[in-house]
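For reference, the chains in residue letters:
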Amino acid sequence: MISMKPKSLQSRIFSYGALFVSLIAIITGISFYFTISQGIEQQLGIRALSIAKTTAERPDVRAGFELENPTEVLQPIAEAVRLQTGAEYVVIGNREGIRYAHPVVDRIGKKMVGDDNERALLLGESYISEATGSLGPALRGKAPIFDEQGEIIGVVSVGYLNEDISSMFFQYVDNISYIVLLAIALGIIGSSVLARNIKKELFNLEPAEIANLFTERNALIESVREGIIMVDAKGIITTVNPAAYDTLSIPGQTELIGRTIQEVLPNTLLPKVLETGERHLDRPMEIHGKKVIVNRVPILSDDQIIGAVSTFRLKSEIDQLSMELSQVKRYTEALRAQTHEYNNFLYTISGLIQLQSYDEALSLIHDETAEHQSLIQFVTKRLQDPFLGGIVIGFFNRAKELKVRFLLDEDSNLKELPGHLEKTHFVSIIGNLMTNAFEAIESLPEEKRIVRLFILDNGEEILFEVEDSGNGIADEVLSYLFQKKVSTKDVEDRGYGLMKVAENVEDLSGSITLEKGDLGGALFIISIPKRGFLHDAN
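Residues numbered from 1 in each chain as written. Predicted model: local features only at pLDDT ≥ 70, side-chain atom pairs only at ≥ 80, totals over all residues. Heavy atoms only, no water.

(A) Local environment of the overall build of the protein. Scanning the protein from N- to C-terminus turns up 15 helices and 15 strands. Sorting the 538 residues of the protein into buried and exposed places 41% on the buried side. Sequence-distant contacts, at least 24 apart, represent 57% of the contacts inside the protein between residues at least 6 apart. By element, 55% of the accessible surface of the protein is carried by carbon and sulfur atoms, the whole surface being about 30900 Å². (Helix = DSSP H or I, 4+ residues; strand = E, 2+ residues; numbered from the N terminus. Buried < 20%, exposed > 50% of the residue type's maximum accessible area, 1.4 Å probe, protein only. Contact = heavy atoms within 4.5 Å. Areas by Shrake-Rupley, 256 points an atom, 1.4 Å probe, with all protein chains shown as cover.)

(B) Quick look at the sheet that holds strand E6 (residues 227–232). Spatial ordering of the open sheet is given by E7-E6-E10-E9-E8, a layout of 5 strands whose pairing is antiparallel. The sheet terminates laterally at strand E7 (237–240) and strand E8 (280–287), the two strands that pair on one side only. The sheet shows a mean angle of 25° between the axes of neighbouring strands, taken without regard to direction. (Pairing = 2+ DSSP bridges. Axes fitted to C-alpha atoms, helices over the stretch in contact; angles between N-to-C directions.)

(C) Region of the structure containing helix H3 (residues 71–85). Spanning 15 residues, H3 covers 20 Å between terminal C-alpha atoms, matching the ideal 21 Å at 1.5 Å per step. Downstream of H3 by a residue or two, Gly86 has a phi angle that is positive, lying close to 80°. (Expected span 1.5 Å × (residues − 1).)

(D) Expanded view of the packing of aromatic side chains. Enumeration over the complete set of coordinates arrives at 4 aromatic pairs. Ring plane angle 40° and centroid distance 6.4 Å describe the contact between Phe396 and Phe406, whose orientation is recorded as tilted. One end of the pair, Phe396, is in helix H13 (residues 386–401); the other, Phe406, is in strand E11 (residues 405–408), and 10 residues separate them in sequence. Of the two residues, Phe396 and Phe406, both sit in the buried class. Seen from the ring of Tyr127, Arg119 lies directly overhead, with NZ or CZ sitting 4.2 Å from the centre. (Phe/Tyr/Trp six-rings, centres within 6.5 Å; stacked < 30°, edge-to-face > 60°. Lys NZ or Arg CZ within 6 Å of the ring centre and 35° of its normal.)

(E) Here's a closer look at the pattern of salt bridges. Applying the stated criterion across every chain yields a total of 9 salt bridges. With a shortest N-O distance of 2.7 Å, Asp60 and Arg58 are connected by a salt bridge. Several salt bridges converge on common partners, so that one network encompasses Asp409, Arg452, Glu465 and Glu467. (Salt bridge = Lys/Arg side-chain N within 4 Å of Asp/Glu carboxyl O.)

(F) Region of the structure containing helix H14 (residues 423–440). Taking 1.5 Å per residue, 18 residues should reach 26 Å; H14 reaches 26 Å between its end C-alpha atoms and fits that length. Among the 18 residues of H14, 15 are classified as buried, and the element is accordingly described as predominantly covered.

(G) View of the pairing of E7. Pairing between E6 and E7: 3 bridges, direction antiparallel. Directly across from Met230, in E7, lies its bridge partner Thr239. Where E6 hands over to E7, the hairpin turn is made up of 4 residues, of which Gly235 adopts a positive phi near 80°.

(H) Up close: the nonpolar core. Among the nonpolar cores identified, the biggest contains 41 residues, and Val392, Phe426, Met434 and Phe464 are the most heavily contacted of them. If you list the elements that add at least two residues to this core, you get helix H12 (358–382), H13, E11, H14, strand E12 (450–457), strand E13 (461–468), helix H15 (497–507) and strand E15 (522–529). Take this core: its biggest share by element is 8 residues, from H14. The contacts of Val392, once residues within four sequence positions are left out, are Val379, Leu383, Phe406, Leu408, Leu453 and Ile455. (Core = buried A, V, L, I, M, F, W, Y, C linked by side-chain atoms within 4.5 Å.)

(I) Seen up close, the environment of Lys199. For Lys199, the location among the structural elements is in helix H6 (residues 173–201). Overall, the relative accessible area of 9% leaves Lys199 in the buried class. Remark: the alpha-carbon pair of Lys199 and Ser11, spanning 188 residues in sequence, is separated by 9.9 Å.

(J) Structural context of the confidence of the model for the protein. In this model, the protein carries a mean pLDDT of 78, and residues with pLDDT of at least 70 account for 81%. Confidence drops under pLDDT 50 across residues 533–538; counting only partners more than four residues distant or on other chains, this segment forms 12 contacts. (pLDDT = per-residue confidence, 0-100.)

(K) View of the packing of H13 against H14. Taken N-terminus to C-terminus, the directions of H13 and H14 make an angle of 15°; their axes are 10 Å apart at the nearest point. Accordingly, the angle class assigned to the pair H13 and H14 is roughly parallel. Judged by the sense of rotation from one axis to the other, the crossing of H13 with H14 is right-handed. For the pair H13 and H14, contact is made by Phe387, Leu388, Ile391, Phe395, Arg398 and Ala399 and by Lys423, Phe426, Val427, Ile430, Gly431, Met434, Thr435 and Phe438, respectively. When the residues that make up the contact of H13 with H14 are grouped by side-chain class, the tally is 10 nonpolar, 2 polar and 2 charged. (Parallel < 35°, antiparallel > 145°, perpendicular 65-115°, else oblique. Left-handed = near helix turned anticlockwise from the far one by under 90°. Nonpolar A, V, L, I, M, F, W, Y, C, P; charged D, E, K, R; others polar.)

(L) Structural context of the side chain of Glu467. If you trace the backbone, Glu467 turns up in strand E13. Within the structure, Glu467 has its side chain in polar contact with the backbone nitrogen of Asp518 (distance 2.6 Å). A polar side-chain atom of Glu467 sits 2.6 Å from the main-chain amide nitrogen of Leu519. Beyond its immediate sequence surroundings of up to four residues, Glu467 is in contact with Ile450, Val451, Arg452, Gly517, Asp518, Leu519, Ala522 and Leu523. (Polar contact = N/O pair within 3.5 Å; in protein donor to acceptor, adjacent residues only side chain to side chain.)

(M) Examining the environment of Asp282 more closely. Along the polypeptide, Asp282 turns up in strand E8. In sequence terms Asp282 and Asn295 are 13 residues apart; their C-alpha atoms lie 5.4 Å from each other. Non-local contacts of Asp282, meaning those with residues more than four positions away in its chain, are made with Ile293, Val294 and Asn295.

(N) Spatial organisation of the sheet that holds strand E3 (residues 127–133). Ordered by their spatial adjacency, 5 strands build an open sheet running E2-E1-E5-E4-E3, and the pairing between neighbours is antiparallel. Each of the sheet's edge strands pairs with one partner strand only, and the pair in question is strand E2 (99–101) and E3. Put simply, the sheet's adjacent strands are angled 35° from each other on average, direction ignored.

(O) Just unusual backbone geometry, in detail. Its identity as a non-glycine residue notwithstanding, Asp282 has a phi of 55°, on the positive side. Positive phi is not limited to glycine here, since Lys403 has a value of about 60°. Within the secondary structure, Lys403 sits in the loop between H13 and E11.

(P) Expanded view of the pairing of E15. In terms of burial, E15 is a largely internal element, 8 of the 8 residues being buried. Bridge count between E13 and E15: 7 bridges; the pairing is antiparallel. Bridge pairing links Ile462 to Ile528 in E15. Sheet topology places strand E14 (residues 511–516) next to E15; 6 bridges connect them, and they run antiparallel. Paired with Ser511 across the strands is Ser527, a residue of E15. Between E14 and E15, which pair antiparallel and follow one another directly, the connecting turn spans 5 residues, one of which, Gly520, has a positive phi of 105°.

As structure tokens, this is what we get:
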């Protein structure tokens, strides 16, 4: 079977438009023709009647009926009227319908044909009739002839043959046809222009392609995890995806489309975007008590703002991604430190072997292996959660690289973290506190660089202690230490670590305590309840 390729949208619009205009033009032409025909026929009927009445009222016509041979007078009068008015015939008959005047002389003296004289001869009426006379079908005007006493003495019949009327109609057909053809031509040209313009407005896409794009667009909007709200130039909501309902904490059955954006989000800045065309990227905002990150972008068409779109996502989700990336970075740093440390170790062994100091090389290998195995065994036995065990080993290698004495408290003990507690929060807490501790002692002499870590699961809560031998934290910054951009280091783009620690501890319903440790520096104590009980953060 041969499959026919469907016509393009442009060709269909052109075809339908041209066909529609052609039909309208033809129907209009036919209607115009019949309207003119009826008008002409009506006017001819009125004209015939008027001629008949005028002729019937002439005194010489009345006088002709009193003569012995009325034809001698009436025939010339009738012919003169016929020639002057252009009528097909003017017939004058007596009360019995016998012709006194007729265009065909041989028919004078014979009875009038058509059987339509009764109203004139019996009732004295003047009227228009259609009947078939001796000359054929005709449109006739009939008028009675009255004598001086008002008695009906005869009838005047003025007629126009139907075939002559039809020929008069056809005189207008050419003109009407030209008008119809011109209308069809203009309609075809207009349809072509309209089809091209519509195609252009639709970006040269076919209906099937538009339907596919619409379906794909809906699927895309539905699948995006970010909340999406679109508004038109008047701020009326036109599109909302399910993620927006979740973020806005609005029941799914609530209809938002058609409502103003200010009604749904009173504190939105979308009207400002519609007014200025300014793009708002990664702006913080609070919606129904939830912290979100919002993007607002105007929708432009030919440099005109026709709407705007706002996308937003919970800040907690973005923070979680940031933390996960941060932990990946920390693992990478730990592996890099471990690689760097083992490279130094291998260089040392290589040098000892080249110096033929075999005993020293064997001793170094033995010590390193024993220390590493001891650490692995201790961590594996005491810290049974692989996430925390991995980051502790990573920081142990980092400490060796930084020439820091890293003490993992021998009383540390932790089983695997409960499933309902987010492990990435724990990794972030330890990672940020350990990093801050290393940075707090980096300026001290090598022999004074000490960091201690203690991890304990006592059954009810999980405790972390991170202590360093630095200078501690000044009293004046304690009240706002865990706020954004607060740092004890005079360096730009710092102060996020402790803020993250505070947020993670709050998410885990824990508490933070800051004390002066036995090593002389800061001692951070973190308490995380295993059952999710909320403690106030200090």
